[in-house]
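# Notes for the structure review
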Amino acid sequence: GAAAILGPALVGGPWLPFCDLVAFVGMNNFPPPASTGPLQFSVFQFTYIVHYALSRFLHDLGVPPSYQVLGLYLLQAGAFFWVIQALLKRFVAHPWICSVAIALGALAYWDGMFVWGGPLAYSLSAVMVAIATAVSLREIEEPVPGGGLRVALLLVVAMMCHPFAFVFCVFLAVLRWWFLPARRWQTSGLLVFLGIFAFVIRADSAERIATPQLSALFQLSW
């Protein structure tokens with residue numbers, strides 16, 4: 001699985017066949033001191049900002065656009081691969097089946113767009129939610145100090161990547177409340193904070209469409 005992710009990227013890179021990553025980095029790359037990109041954001045945003053911040057940071061370090069694509073790909077693919085193999089090894093008893101699933105799952109990273117689809121902001125958000133889910137599942141079996149704080153930070157960053165993460169963050173928080181009775185007060189506080197953060201995002205949005213519409217998120221699309 002690791003070879004399927006790293007091999008083609010390092011041999012055939014730095015440009016990868018991911019339409020969204022190439023479009024974002026290739027077209028949205030800009031000198032950070034001179035501009036805030038084609039959309040000309042002039043105010044601080046509470047969401048949909050992390051991918052721009054990453055690009056500006058890499059640009060300041062002198063990383064060319066093609067290698068930004070490679071770096072963002074490896075960042076996300078590495079995180080997803082860690083989550084998938086960790087959960088498969090935890091839940092699948094037969095090692096041969098687990099190994100085949102890990103190897104075949106890696107092929108999903110080469111689907112023409114990116115890992116789990118969607119714009120870069122959404123896929124970065126999915127990375128954070130996926131890591132938070134893996135940490136939560138581990139915490140159910142092996143409680144560790146500070147696990148709740150790590151999950152909270154991951155979910156906040158997920159919402160800073162994309163506002164649609166709110167639904168999935170709340171869903172994960174509810175699962176933590178149910179399966180981690182010792183952390184219910186902490187999780188209740190997290191749910192309240194996520195709700196306030198979503199309200200702030202919506203109030204801050206000029207278009208008033210920042211918070212997710214459940215019907216649009218979950219309707220069946222043939």
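Residues numbered from 1 in each chain as written. Predicted model: local features only at pLDDT ≥ 70, side-chain atom pairs only at ≥ 80, totals over all residues. Heavy atoms only, no water.

### Considering the confidence of the model for the chain
- Of the residues in the chain, 77% reach a pLDDT of 70 or more, and the chain-wide mean stands at 79.
- Considering each helix and strand of the chain separately, the mean pLDDT is smallest for helix 10 (residues 214–218), with a value of 55, and largest for helix 8 (residues 165–179), with 94.
- Segment residues 208–212: pLDDT under 50, and 14 contacts once partners within four positions in sequence are set aside and those in other chains are kept. (pLDDT = per-residue confidence, 0-100. Helix = DSSP H or I, 4+ residues; strand = E, 2+ residues; numbered from the N terminus. Contact = heavy atoms within 4.5 Å.)

### Points about the environment of Pro-163
- The residue Pro-163 is located in the loop between helix 7 (147–161) and helix 8 in this model.
- Residues Pro-163 and Ala-198, spaced 35 residues apart in sequence, show a C-alpha to C-alpha distance of 7.6 Å.

### Considerations on the side chain of Ser-55
- Within the secondary structure layout, Ser-55 lies in helix 3 (residues 50–60).
- There is a polar contact of 3.3 Å between the side chain of Ser-55 and the side chain of Gln-68. (Polar contact = N/O pair within 3.5 Å; in protein donor to acceptor, adjacent residues only side chain to side chain.)

### Considerations on the packing of helix 1 (residues 2–12) against helix 4 (residues 65–91)
- It is at 11 Å that the axes of helix 1 and helix 4 come closest, and there the two elements cross at 175°. It follows that helix 1 is roughly antiparallel to helix 4 by the angle criterion. Across the interface between the two elements, Ala-2, Ile-5, Leu-6, Ala-9 and Leu-10 from helix 1 touch Leu-70, Tyr-73, Leu-74, Ala-77 and Phe-81 from helix 4.
- By residue class, the composition of the contact of helix 1 with helix 4 is ten nonpolar, no polar and no charged. (Axes fitted to C-alpha atoms, helices over the stretch in contact; angles between N-to-C directions. Parallel < 35°, antiparallel > 145°, perpendicular 65-115°, else oblique. Nonpolar A, V, L, I, M, F, W, Y, C, P; charged D, E, K, R; others polar.)

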